[in-house]
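Here's the letter readout for the chains.
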Amino acid sequence: MPERITIIGSGPAGWTAAIYAARANLEPIVYEGAFTEENRQKGTLPLGQLSLTTEVENFPGFPAGDLTTFLDTSIDEKKRKYMAPHGKEGVSGPELMELMRQQAINFGARIKTDDIVDIDLSGTPFKMKSLAGDEFESHAVIIATGARANYLGLESESRFKNMGVSACAVCDGAMPRYRNNQLVVVGGGDSAMEEANFLTKYASKVYIVHRRDEFRASKIMADRALANSKIEVKWNSQIDEVLGDDTNGVTGVRIRSTVDPDVTEELQATGYFAAIGHTPNTDFLKGQLETNDKGYVVWPVSHRTNTSVDGVFAAGDVADDHYKQAITAAGTGCAAALDAERWLSARGLE
Ligand code: NAP
C-alpha cells in the first residue's frame, strides 16, 4: 500500500506540515534525514539549520524567559538529557525543533531518521528509495529539505575543513582552536553578523571580511556587530586564500581589495567561517521539479505550495530564496499540508 503522504525534511516547514497532516488523520511519514558524516560536513543533519543556531528571538510565541519547566514537561526525558541547560534568552533553535518534532509525534506522525536518496516523480504513486534501503510509494509528497550554507569554493577552504574552516560558528565555535584567538568571518548578511557576534564569546578578535562597503544584514544585526569592540570589519575585501598547513590547519587568510586588486593583506587567524548564503537541498530531486536560476523549487501558482509536478508540494527554504525565516517556513509547511490534504481528498485518497 502506498503511503498517503510523505514529508521529506525536518526543519520548521517539515514539522509543521507533519503536525497538520497528522491532525488530518493522514498518518504522514517524515524522513527527517540521516546522521551521516557527509550530512554533517554539508550542514544537512536532521532538524535542519535551526539545530545549528542559538537563541531564536523572533519566532512568535517564544519571548525571552526561562522555559525550563515547559521543556521538561513537553520533551521526552531522554532527549532533554542531551539538550543544553536552558538560560533566560527564550527558546533556542534546537529546542524549537525538538518541540515541533515532539508535537508531530504527539499527533501520530511516523518518523524515519533516514535520507530519501532517490525519488521518481514521473508517475503516481511516486516511488522513493532511502539511504537505509527503504523502497516505497507515496500518493503525495511534501519537499521540505531546506537549504545549506555555501562556501566560496577555494581549494584551500576544502583542504582545511575540520581544521579551522567551518560554516557553523554555533557548532564549532567553542572548540579549543578558536578560543582566545583571532578568527575570520566572510560575508555581509545576517548570518555573518550572527556568526561574528557569537564567536566573540570565545575569540580574542573577529574580522568580518565583506566584499562591499555596506552590509546586506538587517540594521539591528549590523549595528550589533559594529558596536562589538571585538569585531573589526575589512570592507571592500575578498578572501584570496585560506592560509595554513597540515599540522596547524588554518593559520590565517590573505584578503584582496575589491577596489584595488593589487592590494592584499594577511590576517592571522586560527579559524575561518563562511557565511555567504545558502544552496537549496534539491540534489536528490535530479531536476524532476522546476527550479529557479538559484536552484530553489518553484511554486508555479501564487499563494499555493504546489510544484510543477501534480501531487508534489514544497515548503520552507527549499522553495523560498526570499524570506527564509523559521516562521515563514512553518507557514508554508502548514499550507503544504492543507494543499496536499485537499489534493488527496479530491482523488479519494484521504
Ligand atoms: P544573505 O543575506 O544572502 O547574505 C550573504 C552575504 O554573503 C552577502 O553579504 C553577500 O555579499 C556575501 N556573499 C555571497 N557570495 C559571496 C562570495 N562569493 N564572496 C564574498 N561574499 C559573498 O545570506 P545570509 O546572511 O545567510 O542570510 C540568509 C537569510 O537568512 C536572510 O533572509 C537573513 O535575514 C536570514 N537570517 C536571519 C537571521 C536572524 O534573524 N537571526 C540570522 C541569519 C540569517 P553581498 O552583500 O555583496 O551580496
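Conventions adopted
- Residues numbered from 1 in each chain as written.
- Predicted model: local features only at pLDDT ≥ 70, side-chain atom pairs only at ≥ 80, totals over all residues.
- Heavy atoms only, no water.
- Core = buried A, V, L, I, M, F, W, Y, C linked by side-chain atoms within 4.5 Å.
- Buried < 20%, exposed > 50% of the residue type's maximum accessible area, 1.4 Å probe, protein only.
- Helix = DSSP H or I, 4+ residues; strand = E, 2+ residues; numbered from the N terminus.
- Contact = heavy atoms within 4.5 Å.
- Near = heavy atom within 4 Å.
- Polar contact = N/O pair within 3.5 Å; in protein donor to acceptor, adjacent residues only side chain to side chain.
- Areas by Shrake-Rupley, 256 points an atom, 1.4 Å probe, with all protein chains shown as cover.
- Expected span 1.5 Å × (residues − 1).
- Pairing = 2+ DSSP bridges.
- Axes fitted to C-alpha atoms, helices over the stretch in contact; angles between N-to-C directions.
- Left-handed = near helix turned anticlockwise from the far one by under 90°.
- Phe/Tyr/Trp six-rings, centres within 6.5 Å; stacked < 30°, edge-to-face > 60°.
- Lys NZ or Arg CZ within 6 Å of the ring centre and 35° of its normal.
- Salt bridge = Lys/Arg side-chain N within 4 Å of Asp/Glu carboxyl O.

Things to note about the nonpolar core
- With 40 residues, the main nonpolar core has Ile5, Trp15, Phe59, Leu96 and Ile142 as its most contacted residues.
- If you list the elements that add at least two residues to this core, you get β1 (3-8), α1 (12-23), α5 (93-106), β6 (135-143) and α10 (326-346).
- With eight residues, the top contributor of residues to this core is α10.
- Aside from chain neighbours lying at most four places away, what touches Ile142 is Ile5, Thr6, Ile7, Ile8, Ala17, Phe313, Ala315, Ala336, Ala337 and Ala340.
- In terms of nonpolar packing, the next biggest core, distinct from the first, is built from 22 residues, Val185, Phe198, Ala203 and Phe273 among them.

Overview of the site of the ligand
- In the neighbourhood of the ligand, 20 residues make up the surrounding shell, with Asp190, Ser191, Arg211, Arg212 and Arg216 lying closest.
- Within the backbone of Gly188, an N or O atom sits 3.0 Å from an oxygen atom of the ligand.
- Between the ligand and the protein, one listed contact pairs an oxygen atom with a side-chain N or O atom of His278 at 3.3 Å.
- Protein contact buries 76% of the 920 Å² of open area that the ligand shows by itself.
- Here the element with the most residues in the shell around the ligand is helix α8 (residues 190-199); it accounts for three residues.

Here we look at α1
- Under the 1.5 Å per step criterion, the end-to-end length of α1 is 16 Å for twelve residues, consistent within 8% with the ideal 16 Å.
- Of the positions making up α1, those classed as buried are Pro12, Ala13, Gly14, Trp15, Thr16, Ala17, Ala18, Ile19, Ala21 and Ala22.
- Tucked inside the fold, the buried residues of α1 contact β1, β2 (29-31), α5, β3 (110-112), β6 and α10.

Things to note about the sheet that holds strand β11 (residues 231-234)
- Read across the open sheet, the five strands follow the order β8-β15-β9-β10-β11; overall the sheet is parallel. At either margin of the open sheet sits one strand with a lone partner, and together these are β8 (165-166) and β11.
- Two strands pair when backbone bridges link them, and β8 and strand β15 (residues 271-274) are joined in this way by two bridges, in the parallel orientation. Note that in β15 the partner of Ser166 across the bridge is Phe273.
- With respect to the sheet, α8 is in contact with β9 (182-186), β10 (205-209), β11 and β15, its orientation differing from that of β9 by roughly 170 degrees.

Focus: the packing of α8 against helix α9 (residues 219-226)
- Viewed as axis vectors pointing N to C, α8 and α9 meet at an angle of 35 degrees, and their least axial separation amounts to 9 Å. Judged by the sense of rotation from one axis to the other, the crossing of α8 with α9 is left-handed. Contacts between α8 and α9 involve Asp190, Met193, Glu194 and Asn197 on the former and, on the latter, Met221, Ala222, Arg224 and Ala225.

A word on the sheet that holds strand β13 (residues 249-257)
- The three strands lie next to each other as β12-β13-β14, forming an open sheet whose pairing is antiparallel. For this open sheet the edge positions go to β12 (237-245) and β14 (264-268), each flanked by a neighbour on one side alone. Each adjacent strand pair in this sheet contributes to an overall mean axis angle of 25 degrees, direction not counted.
- Pairing between β13 and β14: five bridges, direction antiparallel. Within the sheet, the bridge partner assigned to Val253 lies in β14 and is Leu267.

Re the pairing of strand β4 (residues 116-120)
- Here four bridges tie β4 to strand β5 (residues 126-130), and the two strands are oriented antiparallel to one another. Within β5, the residue paired with Asp118 across the bridge is Lys129.
- The turn joining β4 and β5, which pair antiparallel and follow one another in sequence, is formed by five residues.

Here's the deal with the side chain of Thr44
- Looking at where Thr44 falls in the secondary structure, it is placed in the loop between α2 (37-42) and α3 (68-74).
- Apart from the residues lying within four places of it in its own chain, the contact partners of Thr44 are Asn39, Arg148 and Asn281.

Section: the packing of aromatic side chains
- Taken as a whole and assessed by the stated rule, the structure comprises six aromatic pairs.
- Look at Phe313 and Trp343: their rings are 6.4 Å apart centre to centre, the planes differ by 75 degrees, and that puts the pair in the edge-to-face class. Of the two residues, Phe313 sits in strand β17 (residues 312-314) while Trp343 sits in helix α10, which places them 30 residues apart along the sequence. Per residue, the accessibility class of Phe313 equals that of Trp343, and both read buried.
- The ring of Tyr151 has Lys161 lying over it, and the distance from NZ or CZ to the ring centre is 4.0 Å.

Overview of the pattern of salt bridges
- Tallied over the entire structure, the rule returns 21 salt bridges.
- Here Glu27 ties to Arg4 by a salt bridge, and the two come within 3.0 Å at their closest N and O atoms. Here Glu27, found in the loop between α1 and β2, pairs with Arg4, found in strand β1; they are 23 residues apart in sequence, far enough to count as distant.
- Members of the salt-bridge network, linked through shared partners, are Lys205, Glu232, Lys234 and Glu265.

Details of the environment of Arg212
- Here Arg212 is to be found in the loop between β10 and α9.
- Arg212 sits in the partly exposed class, given a relative accessible area of 29%.
- Separated by 24 residues in the primary sequence, Arg212 and Asn236 place their C-alpha atoms 4.4 Å from one another.
- Setting aside residues no more than four positions away along its own chain, Arg212 makes contact with Trp235 and Asn236.

All quantities given are derived from atomic positions and should not be read as evidence of function.
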